[in-house]
Amino acid sequence: MTPVVIESAAAMRLYIDERRRAEPECQVGFVPTMGALHRGHARLIEQARKACRTVVVSIFVNPLQFDRPDDLDRYPRTLETDLDLCAGLGVDTVFAPSAAEMYPRPPACVVDVHRLADHLCGRFRPGHFGGMATVVLKLFQIVRPDQAYFGEKDAQQLAIIRRLVADLNVPVEIVPVPTVRDEDGLALSSRNRRLSPEEREQATSLYRALGEARRQILAGARDPGEVRRHATAVIPAHAGIKLEYLAIVDPEELQPVEQVAGPVLVAGALWVGSTRLIDNLLCSPPP
Ligand code: PAF
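Residues numbered from 1 in each chain as written. Predicted model: local features only at pLDDT ≥ 70, side-chain atom pairs only at ≥ 80, totals over all residues. Heavy atoms only, no water.

Draft legend 1. Region of interest: the pairing of strand 8 (residues 264-272). Most of strand 8 sits out of view: nine of its nine residues are buried. Of the two faces of strand 8, the one holding Val264, Val266, Gly268, Leu270 and Val272 and the one holding Leu265, Ala267, Ala269 and Trp271 are both buried throughout. Direction of pairing for strand 7 (residues 241-249) relative to strand 8: antiparallel, over a ladder of eight bridges. Counterpart to Leu246 in the pairing with strand 8 is Gly268. The sheet contact formed by strand 8 and strand 9 (residues 275-283) spans nine bridges and is antiparallel. Counted as the bridge partner of Leu265 is Leu282 from strand 9. (Buried < 20%, exposed > 50% of the residue type's maximum accessible area, 1.4 Å probe, protein only. Helix = DSSP H or I, 4+ residues; strand = E, 2+ residues; numbered from the N terminus. Pairing = 2+ DSSP bridges.)

Draft legend 2. Spatial organisation of the packing of helix 7 (residues 128-143) against helix 8 (residues 155-167). Between helix 7 and helix 8, whose axes approach to 10 Å, the crossing angle comes to 50°. The orientation of helix 7 with respect to helix 8, classified from their angle, is oblique. Crossing of helix 7 against helix 8: the hand is right-handed. Where helix 7 abuts helix 8, its residues Phe129, Met132, Ala133, Val136, Leu137 and Phe140 lie against Gln156, Gln157, Ile160, Ile161, Leu164 and Val165. (Axes fitted to C-alpha atoms, helices over the stretch in contact; angles between N-to-C directions. Parallel < 35°, antiparallel > 145°, perpendicular 65-115°, else oblique. Left-handed = near helix turned anticlockwise from the far one by under 90°. Contact = heavy atoms within 4.5 Å.)

Draft legend 3. Main features of the sheet that holds strand 7. Ordered by their spatial adjacency, three strands build an open sheet running 7-8-9, and the pairing between neighbours is antiparallel. Among the strands making up the open sheet, the edge pair consists of strand 7 and strand 9. Adjacent strand axes in the sheet meet at a mean angle of 15° when their direction is disregarded.

Draft legend 4. Geometry of the side chain of Asp82. Of note, Asp82 is situated in helix 4 (residues 79-88). The buried charged residue Asp82 lacks any salt bridge partner; its closest oppositely charged side chain belongs to Arg193, at an N-O distance of 5.7 Å. Side-chain polar atoms of Asp82 contact the backbone nitrogen of Ala36, separated by 3.0 Å. Not counting residues within four places of it along the chain, the set of residues in contact with Asp82 comprises Gly35, Ala36, Leu37 and Ile59. (Lys, Arg positive; Asp, Glu negative; His and termini not counted. Salt bridge = Lys/Arg side-chain N within 4 Å of Asp/Glu carboxyl O. Polar contact = N/O pair within 3.5 Å; in protein donor to acceptor, adjacent residues only side chain to side chain.)

Draft legend 5. The arrangement of the sheet that holds strand 2 (residues 28-33) in detail. The strand order across the open sheet formed by six strands is 1-4-3-2-5-6, and the pairing between neighbours is parallel. Two strands bound the open sheet, and with one partner strand each, they are strand 1 (4-6) and strand 6 (173-177). Between one strand and the next, the sheet's axes are offset by a mean angle of 25°, whatever the strand orientation. Pairing of strand 5 (residues 147-151) with strand 6 involves five bridges; the strand directions are parallel. Residue pairing across strands places Ala148 opposite Ile174, the latter belonging to strand 6. Strands in contact with helix 2 (residues 39-51) are strand 2, strand 3 (54-59), strand 5 and strand 6; relative to strand 5, the strand with the most contacts, it is inclined by about 155°. Running at roughly 150° to strand 2, helix 7 makes contact with strand 2, strand 3, strand 4 (93-95), strand 5 and strand 6 of the sheet.

Draft legend 6. The arrangement of the site of the ligand in detail. Neighbouring the ligand are Pro32, Thr33, Met34, Gln65, Met132, Val135, Val136, Phe150 and Gln157. Here Gln65 contributes a side-chain N or O atom positioned 2.6 Å from an oxygen atom of the ligand. Contact distances for the ligand include 2.7 Å between an oxygen atom and a side-chain N or O atom of Gln157. Surface burial for the ligand is 89%, taken as the share of its 290 Å² of free accessible area covered by protein chains. Those elements that place two or more of their residues in the shell around the ligand are strand 2 and helix 7. Per-element tally for the shell around the ligand: the top contributor is helix 7, with three residues. Of the residues assigned to the shell around the ligand, the class counts are six nonpolar, three polar and no charged. (Near = heavy atom within 4 Å. Areas by Shrake-Rupley, 256 points an atom, 1.4 Å probe, with all protein chains shown as cover. Nonpolar A, V, L, I, M, F, W, Y, C, P; charged D, E, K, R; others polar.)

Draft legend 7. Spotlight on the nonpolar core. If you look at the biggest cluster of nonpolar residues, it comprises 48 residues, and the most contacted ones within it are Met12, Phe140 and Ile174. Those elements giving two or more residues to this core turn out to be helix 1 (9-22), strand 2, helix 7, strand 5, helix 8, strand 7 and strand 8. Discounting residues that sit within four places of it in the chain, Ile174 has contacts with Phe140, Ala148, Phe150, Leu158, Ile161, Arg162 and Val165. Within the second largest apolar cluster, 23 residues are counted, among which are Leu195, Ile248, Leu270 and Leu281. (Core = buried A, V, L, I, M, F, W, Y, C linked by side-chain atoms within 4.5 Å.)

Draft legend 8. Up close: the packing of helix 9 (residues 197-218) against helix 10 (residues 224-232). Relative orientation of the contacting elements helix 9 and helix 10 amounts to 140°, with a least axis distance of 8 Å. Of the possible angle classes, the one that applies to helix 9 and helix 10 is oblique. The chirality of how helix 9 crosses helix 10 is right-handed. Judged by residue contacts, Ala209, Glu212, Ala213, Gln216 and Ile217 of helix 9 engage Glu226, Val227, His230 and Ala231 from helix 10. Looking at the contact of helix 9 with helix 10, its residues break down into five nonpolar, two polar and two charged.

Structural data, given as structure tokens:
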């Protein structure tokens, strides 16, 4: 069935009010996206569909979270195929507001993310996580879901959203969903569709580097510097490839660890040509 497409925040609120009035026990599951939907998003939607009576997907390319105007301009926009995918997965409603609807005037109040944005992607994308947290909070206020689904591929985003709802008392349960990968390990991302066939091949080196870090940790390496050295050696020296970072951090506080003494998040960002890809693995050292 084709989902109802709603473009205004007021109409979206009304729709949810009516759903809840008609069926007070109705659980609302929410999947916020920026569109260009792929199998990774499908997994989020399927989880929501299994758990919730009403499933809402938002499609909004949020200008506030882009630190580079060219990245915002080049972000893929594929509304028609996104709606087909949503229809196939039984989504009830797609909230697809315009930028003017979400930001009728430049916001004077935004979410400020402190130390959780100091490392990993936050170091290289000033303002990104504040802009992301601001739009997610706005979407939560509009949709007021019981559960919201986020992919583990964006580990820093997920950790920040968990703290956002805890610190600001937002009544929503955050449901993490494991990363979906292609057969060769490449994490699915809307940005993958920008890769040329040669770049697509090179892109797997990020997953292989993270895998090497995990292998080192499982083999007993405790020194993050040493783990990094082995892992980064996997990235081929090629003019089109640039490792932005590969970091080993505490999974909740996202601060670099001095020693691998418990579970750690190994996360990285790799530029392949003009496309920036991210990925991560959660690793636990043997007892
Ligand atoms: O992960 C994304 O696609 C975006 O960051 C999100 C959560 C939809 C906010 O714009």
